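These are the residues of each chain, in order.
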Amino acid sequence: VPGLRNWLYRSQESQKQKSFFVRVVNARNSVLLLTVPEDWIEFNPGDLEIGGHEPGAAVTTHEAFMAAVLPDDHGRVSAAMNATLVGQAPFDFECRLVRPNGDVRVIHARGEVHRDATGQPIRMNGTVLDITERKQAEEAVRQIADRLSLATRAGGVGVWDWDLVQNVLTWD
């Protein structure tokens, strides 16, 4: 992400903040989300892949991001962002994004707001992780547990586990 790296070294940010940005940009499992007061977001290539966009589409707006968020998730995402902007909490939320081709991905966004000397927000930065596969695995485990519970109830049987090390017996 040459443009972003150049911005880092041109900015007047502290060495600590520059170090944070460089670590995030170079991370393989996470990607950078940078929002500035002019309401634009610059994504690195990993973010673009999560959103299903081409590498040239490196700048967008908060409004464009929210348009990709599934309508059922809008309220929760807006509430998390607003709480962050007013200083109540760092942003940390999961939501579903619809890619241009119609695929749905689940992301976990996490980060913080940087403020000016008067306390006004000037930018937000953090990471965005694609957790779609994890959510699919969690749902599969939940379905298996539901089926096992139904089968044991229908069969009138129970499940037990004996921890030989602790000598603890657990019954269903």
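The structure presented is a predicted model; accordingly, all values stated were derived computationally and were not measured.

As for the confidence of the model for the protein
Stage number 1. The predicted model of the protein has a mean per-residue pLDDT of 75, with 65% of residues at 70 or higher.
Stage number 2. When pLDDT is averaged over each element of the protein, helix α6 (residues 132–155) comes out on top at 95 and helix α1 (residues 2–10) at the bottom at 44.
Stage number 3. Across residues 1–16 the pLDDT falls below 50, and counting only partners more than four positions away or on other chains, this stretch makes 19 contacts in the model.
Stage number 4. Note that pLDDT drops below 50 for residues 18–36; the model gives that stretch 65 contacts with residues more than four away or on any other chain.

As for a nonpolar patch on the surface
Stage number 1. On the surface, W160, W162, L164, L169 and W171 cluster together to form a nonpolar patch covering roughly 660 Å² of accessible area.
Stage number 2. Secondary-structure assignment places L169 in strand β8 (residues 168–171).

What about the packing of aromatic side chains?
Stage number 1. Within this structure, the stated rule accounts for two aromatic pairs.
Stage number 2. Here the aromatic rings of F91 and F93 are separated by 6.1 Å at their centres, their planes lie at 40°, and the arrangement is tilted. Each member of the pair F91 and F93 is classed as buried.
Stage number 3. On the basis of an interplanar angle of 40° and a centroid distance of 6.3 Å, the ring pair of W160 and W171 is categorised as tilted. Of this pair, W160 sits in strand β7 (residues 160–163) while W171 sits in strand β8; the two residues are eleven residues apart in sequence, bridging distant segments of the chain.

Details of the pairing of strand β4 (residues 91–98)
Stage number 1. Only one face of β4 is covered, namely the face carrying F91, F93, C95 and L97; the face carrying D92, E94, R96 and V98 is uncovered.
Stage number 2. In this structure, the hairpin formed by β4 and strand β5 (residues 104–115) is closed by a connection of five residues, where G102 is found at a positive phi of approximately 100°.

Considerations on the pattern of salt bridges
Stage number 1. Counted under the stated rule, the structure contains ten salt bridges.
Stage number 2. Between D146 and R142 there is a salt bridge, and its shortest N-O distance comes to 2.5 Å. Of this pair, D146 and R142 both sit in helix α6, separated by four residues, roughly a single helical turn.
Stage number 3. On the accessibility criterion, R142 (40% relative accessible area) is partly exposed.

Here we look at the side chain of T84
Stage number 1. On the secondary structure map, T84 appears in helix α5 (residues 71–85).
Stage number 2. When sequence neighbours within four positions are dropped, the list of residues in contact with T84 reads A89, P90, F91, V113, R115 and M124.

The rules behind these values
- Residues numbered from 1 in each chain as written.
- Predicted model: local features only at pLDDT ≥ 70, side-chain atom pairs only at ≥ 80, totals over all residues.
- Heavy atoms only, no water.
- pLDDT = per-residue confidence, 0-100.
- Helix = DSSP H or I, 4+ residues; strand = E, 2+ residues; numbered from the N terminus.
- Contact = heavy atoms within 4.5 Å.
- Patch = residues over 30% accessible without salt bridge, like charges linked within 9 Å, V, L, I, M, F, W, Y side chains within 5 Å.
- Areas by Shrake-Rupley, 256 points an atom, 1.4 Å probe, with all protein chains shown as cover.
- Salt bridge = Lys/Arg side-chain N within 4 Å of Asp/Glu carboxyl O.
- Phe/Tyr/Trp six-rings, centres within 6.5 Å; stacked < 30°, edge-to-face > 60°.
- Buried < 20%, exposed > 50% of the residue type's maximum accessible area, 1.4 Å probe, protein only.
- Pairing = 2+ DSSP bridges.

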